[in-house]
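# Analysis of the macromolecular model
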Amino acid sequence: MRHKWEDNIKARLTDRAQLLRAVEKLMQGGVPEDLIPVRLARAFYVDMDELNAVMNMVSSADQQSRGHEYTRAVA
């Protein structure tokens, strides 16, 4: 017999690849970067150090792609 508390157990989100997929999916859905940790923490047990590393990686990649688009648009 299952207990009610077993249905409320959150999954762990600690793998960098899984975190990256979750962050990209939320960003594609229009979730602002500052709300991504909040949304993930509500649904999962999150390794915050890994999430910070992923957020930094995504943020720097996004800034680099914006820079390249800008130079292409000007040229």
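To keep things clear, this report deals only with the structure shown in the data block. (Residues numbered from 1 in each chain as written. Predicted model: local features only at pLDDT ≥ 70, side-chain atom pairs only at ≥ 80, totals over all residues. Heavy atoms only, no water.)

## Considering the overall build of the chain
From N to C terminus, the chain includes 3 helices and 2 strands. Residues classed as buried in the chain amount to 19% of the 75 residues present. In the chain, the share of contacts with a sequence separation of at least 24, taken over all contacts with a separation of at least 6, comes to 66%. Counting every atom, the chain has about 6000 Å² of accessible surface; 52% of that belongs to carbon and sulfur. (Helix = DSSP H or I, 4+ residues; strand = E, 2+ residues; numbered from the N terminus. Buried < 20%, exposed > 50% of the residue type's maximum accessible area, 1.4 Å probe, protein only. Contact = heavy atoms within 4.5 Å. Areas by Shrake-Rupley, 256 points an atom, 1.4 Å probe, with all protein chains shown as cover.)

## A word on the nonpolar core
Membership of the largest hydrophobic core comes to 13 residues, with the highest contact counts inside it found for Leu-19, Val-23, Ile-36, Leu-40 and Leu-51. Contacts of Ile-36, omitting those with residues within four sequence positions, involve Val-23, Leu-26, Met-27, Val-31 and Met-55. (Core = buried A, V, L, I, M, F, W, Y, C linked by side-chain atoms within 4.5 Å.)

## Remarks on the pattern of salt bridges
Scanning all chains against the criterion turns up 1 salt bridge. Two residues, Glu-50 and Arg-16, come together in a salt bridge whose shortest N-O distance is 2.8 Å. Taken as a pair, Glu-50 in helix 3 (residues 48-74) and Arg-16 in helix 1 (residues 16-28) lie far apart in primary sequence, 34 residues in all. (Salt bridge = Lys/Arg side-chain N within 4 Å of Asp/Glu carboxyl O.)

## With respect to the packing of helix 1 against helix 2 (residues 36-43)
Contact pair helix 1 / helix 2: the axes reach a minimum separation of 11 Å and the direction vectors enclose 120°. Here helix 2 runs oblique to helix 1, going by the angle between their axes. Classified by chirality, the crossing of helix 2 by helix 1 is right-handed. Contacts from Leu-19, Ala-22, Val-23, Leu-26 and Met-27 of helix 1 reach helix 2 at Ile-36, Arg-39 and Leu-40. Considering only residue class, the contact of helix 1 with helix 2 consists of 7 nonpolar, no polar and 1 charged. (Axes fitted to C-alpha atoms, helices over the stretch in contact; angles between N-to-C directions. Parallel < 35°, antiparallel > 145°, perpendicular 65-115°, else oblique. Left-handed = near helix turned anticlockwise from the far one by under 90°. Nonpolar A, V, L, I, M, F, W, Y, C, P; charged D, E, K, R; others polar.)

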